[in-house]
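Structure assessment
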Amino acid sequence: MDQDTNEPTDRTPEEEAAALALAVVSQAAAITQGDPEAVEASDENLREVVAELSDQPFTPRQEDVVATLGVAGGSLAAGLTAALAHEKGVDPGVILGSTSQAIVAQTQSPFVGVDDDMADAGRERGDAGEPRADRGDDDDSDHAS
């Protein structure tokens, strides 16, 4: 993270958030593998991603805080992944792969980069172009009170 300046990117905020989320998933994958070299590489990747998202270079303390937060996030994701993998009887890599796919798919949403008013209007419409309230499939019985 020895950057003097950070150049603006053409990425959307959603793409930048996805880059950060993928770095945390990478951290979780490295932790679940138990490979110290993979953990070290994912730590460095996380630092690089955060440096790219920052408008100014970090101080050494800020860099340490971000790295610690990234490791904590990766550890949390690894623990949850391991628990879910055990519950479902699948390899944790399958779950982390699905997580990565979901993150990438989110950046390809039809609403990414769309004006907020247009996105809100699109969310209010159903699959057939009818407002959700008019479709009659909004059953409150599955919602907690």
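Quick look at helix H4 (residues 92-107) now. The terminal C-alpha atoms of H4, which comprises 16 residues, lie 23 Å apart, in line with the 22 Å expected from a rise of 1.5 Å per residue. Turning to H4, its buried residues number three or more, namely Ile95, Leu96, Ile103 and Thr107. Buried residues of H4, viewed axially, fall in a sector of 125 degrees; they line one side. Residues of H4 that are buried in the fold lie against helix H1 (13-33) and helix H3 (60-88). Its side-chain oxygen at 2.8 Å from the backbone nitrogen of Gly93, Asp91 defines the N-terminal cap of H4.

This part is about the packing of H1 against H4. At a minimum axis separation of 9 Å, H1 and H4 run at an interaxial angle of 175 degrees. Relative to H4, the element H1 lies roughly antiparallel. From H1, Glu14, Glu15, Ala18, Ala21, Leu22, Val25, Ala28, Ala29 and Thr32 reach across to H4, where they touch Leu96, Thr99, Ser100, Ile103, Val104 and Thr107. Looking at the contact of H1 with H4, its residues break down into nine nonpolar, four polar and two charged.

So, about the pattern of salt bridges. With the rule as written, the count across this model stands at two salt bridges. With a shortest N-O distance of 2.8 Å, Glu63 and Arg47 are connected by a salt bridge. One end of the pair, Glu63, is in helix H3; the other, Arg47, is in helix H2 (residues 36-53), with 16 residues separating them in the sequence.

The next subject is the confidence of the model for the protein. Overall, the predicted model of the protein reaches an average pLDDT of 77, with 68% of residues at or above 70. Highest mean pLDDT in the protein belongs to H4 (92); lowest belongs to helix H6 (residues 132-135) (42). Confidence drops under a pLDDT of 50 for residues 118-145, and excluding neighbours within four residues, the segment shows 18 contacts in the predicted structure.

Here H2 crosses H3 at 120 degrees, and the two axes come no closer than 10 Å. Judged on the interaxial angle alone, H3 and H2 are oblique. At the point where H2 passes H3, the crossing takes the right-handed sense. From H2, Asp43, Leu46, Arg47 and Val50 reach across to H3, where they touch Glu63, Asp64, Val66, Ala67, Gly70 and Val71. Grouping the amino acids of the contact of H2 with H3 by side-chain chemistry returns five nonpolar, one polar and four charged.

Thresholds applied
- Residues numbered from 1 in each chain as written.
- Predicted model: local features only at pLDDT ≥ 70, side-chain atom pairs only at ≥ 80, totals over all residues.
- Heavy atoms only, no water.
- Helix = DSSP H or I, 4+ residues; strand = E, 2+ residues; numbered from the N terminus.
- Expected span 1.5 Å × (residues − 1).
- Buried < 20%, exposed > 50% of the residue type's maximum accessible area, 1.4 Å probe, protein only.
- Arc of directions from axis to C-beta.
- Contact = heavy atoms within 4.5 Å.
- Polar contact = N/O pair within 3.5 Å; in protein donor to acceptor, adjacent residues only side chain to side chain.
- Axes fitted to C-alpha atoms, helices over the stretch in contact; angles between N-to-C directions.
- Parallel < 35°, antiparallel > 145°, perpendicular 65-115°, else oblique.
- Nonpolar A, V, L, I, M, F, W, Y, C, P; charged D, E, K, R; others polar.
- Salt bridge = Lys/Arg side-chain N within 4 Å of Asp/Glu carboxyl O.
- pLDDT = per-residue confidence, 0-100.
- Left-handed = near helix turned anticlockwise from the far one by under 90°.

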